[in-house]
Amino acid sequence: MKKSNKDKRNHDFIPETTLRNDLISYLRHHFPTTCRHWFDDIEPLGVVNGVLRLLVQEPVQLRYLQRVCNEQFTEAAQAVTGRLLSVRFVGDELESVPSATDSPDNSESSGDDGNPLFSEEMLLSPDYSFDNFIVGPGNRLAHAAAVAVAEHPGRAYNPIFIHGGVGLGKTHLLQSICQSILKRQPSANICYTSCSNFIDWYIAGVKAGRMSEFRSRFRSTDLLVIDDIHFLAKREQSQEEFFHTFNTLYQSGRQIVLSSDASPNDIPDLEERLVSRFNCGLVARVDRPCFETRVSILQSKAALQRLELPAEVPAYVAAKVDSNVRELEGALTRVRGFAMASGQPITLQLAKSALTEEGTSIGEAPGHPSIQTIIEAVTHYYDIKLTDLLSKRRHKSIALPRQVCMWLARRHTRYSLEEIGGYFGGRDHTTVMHAVRQITSKREQDPALASDVERIERTLLDESTSA
Ligand code: ADP
Ligand code: MG
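Bear in mind the structure is a predicted one, so any value in this text is a computation, not a measurement.

Even after reading the chapter, I still don't get the packing of aromatic side chains, so can you show me in this structure?
Each pair of aromatic rings is reported with the distance of its centres and the angle of its planes. Counted by the stated rule, this structure contains 15 aromatic pairs. Arranged with centres 4.9 Å apart and planes meeting at 75°, the rings of Trp 38 and Phe 39 form a pair that is edge-to-face. Taking 6.1 Å as the distance between ring centres and 70° as the angle between the ring planes, the aromatic pair formed by Phe 242 and Phe 278 counts as edge-to-face. Of this pair, Phe 242 sits in helix 9 (residues 236–251) while Phe 278 sits in helix 10 (residues 272–279); the two residues are 36 residues apart in sequence, bridging distant segments of the chain. On the accessibility criterion, Phe 278 (0% relative accessible area) is buried.

Any chance you could explain the pattern of salt bridges here in plain terms?
Once their charged atoms are close, side chains differing in charge can pair, the charge on each being opposite to the other. A full pass over the atoms with the stated rule returns 15 salt bridges. One salt bridge connects Asp 40 with Arg 28, and the closest N-O pair in it is separated by 3.4 Å. Separated by 12 residues along the polypeptide, Asp 40 in the loop between helix 2 (16–30) and strand 1 (43–48) and Arg 28 in helix 2 bring together distant segments of the chain. With relative accessibility at 29%, the residue Asp 40 sits in the partly exposed group. Arg 273 is the salt-bridge partner of Glu 271, the closest N and O atoms lying 2.5 Å from each other. Accessibility expressed as a relative area gives 23% for Glu 271, which makes it partly exposed.

Could you clarify how one ought to interpret the packing of helix 9 against helix 10 in this entry?
Put simply, helix 9 and helix 10 touch, their axes get as near as 10 Å, and they point 35° apart. Here helix 9 runs over helix 10; the crossing is left-handed. Of the residues in helix 10, those touching helix 9 at Gln 239, Glu 240, Phe 242, Phe 243, Phe 246 and Asn 247 are Arg 273, Leu 274, Arg 277 and Phe 278. Split by residue class, the contact of helix 9 with helix 10 holds 5 nonpolar, 2 polar and 3 charged.

I tried to follow unusual backbone geometry on my own but got confused; where do I start?
Negative phi is the rule for most residues except glycine; trans is the rule for most peptide bonds. Cis peptide bonds are those with omega within 30 degrees of zero, and the linkage from Asn 158 to Pro 159 qualifies with -5°. Here Pro 159 lies in the loop between helix 5 (140–151) and strand 4 (160–164). Of note in this structure, Lys 234 is not a glycine but carries a positive phi near 70°. Within the fold, Lys 234 resides in the loop between strand 6 (223–227) and helix 9.

The rules behind each value
Residues numbered from 1 in each chain as written. Chains lettered and ligands numbered in written order. Predicted model: local features only at pLDDT ≥ 70, side-chain atom pairs only at ≥ 80, totals over all residues. Heavy atoms only, no water. Phe/Tyr/Trp six-rings, centres within 6.5 Å; stacked < 30°, edge-to-face > 60°. Helix = DSSP H or I, 4+ residues; strand = E, 2+ residues; numbered from the N terminus. Buried < 20%, exposed > 50% of the residue type's maximum accessible area, 1.4 Å probe, protein only. Salt bridge = Lys/Arg side-chain N within 4 Å of Asp/Glu carboxyl O. Axes fitted to C-alpha atoms, helices over the stretch in contact; angles between N-to-C directions. Left-handed = near helix turned anticlockwise from the far one by under 90°. Contact = heavy atoms within 4.5 Å. Nonpolar A, V, L, I, M, F, W, Y, C, P; charged D, E, K, R; others polar.

Here you go:
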């Protein structure tokens, strides 16, 4: 009782704009990789019963903050107010927050045994919008097709099939389509997921005898977006199921969007009837960005995070890294990390030393294990191969140790989620976040896992103190 009165009174002392400015500058200082320019639009609504409510207008941003940024904002709120607050991101209550941004929501799919069949939601990243996509010769067609589909779903090209190498913006384009449609029509029934999730859910549906639930989810959507469809290779039954899903949607004029690391004809062991379905709309390839595009991408990524770069830095980085955009971003992250660790501003000279110094590990805290040590300890403990750990294999025997690795890296090193993802075969930060969350909750529920993790941690700490 007393407490809430005090909260209200205290809150009156902090004008909202000051609070927001303090909060954002704390975040910028302590969590530069998390911050985005649109954080400026977040509006503090005041503190009630120890909870600071923060208003976020855009549903995609809201969900993203709720899932990804709670910890950082809580720390910032506590630091700037000096009080033990928690934070809650809230939307504009009048607008309904779309429940189908990604995977089916728990509420609608609680089945026979009360457990949701689809547990792993795919989160849309506000970074992956058309506004943040730089168009160049390598991706012009794919981008134009994606925009057309977002403007006229089901009527422009159906399906649209985007393929190309890793880190070239396929996922970015897929999410841009979803976000653009959701922006216009917040209640749109969209199903955006990875092919691996589709396969996992299909298997789970068969096992649990809940295929009608699975089918109603995938066949009732207005827009089906499946990332990395090449994972269907060799999966005969999943291919069969996907074929029927595809036909149902296609025949009723609903939009299908697919991405893949290879063209339909080049996906190994893909049934001929699927190859021809995939080819019947628009197939667009994304290629490596040219130098000018790489420079623009770096400038845009820096602007997104309000990172000031002297003009010669993007040019230097773009000349040095020409493989793909993910590597390009990794290089930028490295430069920024280097600047922070050394307390110097970013200059061409600093970028040069950040990108040429071999084997430096900016994310490693002194006296703490390195990611390398963590990986060695985990592969040794679970007796698995390093190549499996870094592969895309999703079998539980590999996926669990991989998640344990990510959890340990998060806990014992200073690497960001992006950097940890980079270590594990270019996975993105949401995957790492998911892993961290999974292990955190599994440790509480599963004593065997908790003790495994503890044993690995003990060897790590022994090694780093004896080193
Ligand atoms: P893919 O799915 O093809 O492996 P992603 O879509 O995950 O690649 O892209 C990897 C990273 O590169 C993402 O952070 C994405 O935002 C960025 N990226 C790729 N292409 C572009 C582009 N043309 N403009 C801006 N960012 C891009
Ligand atoms: Mg991708």
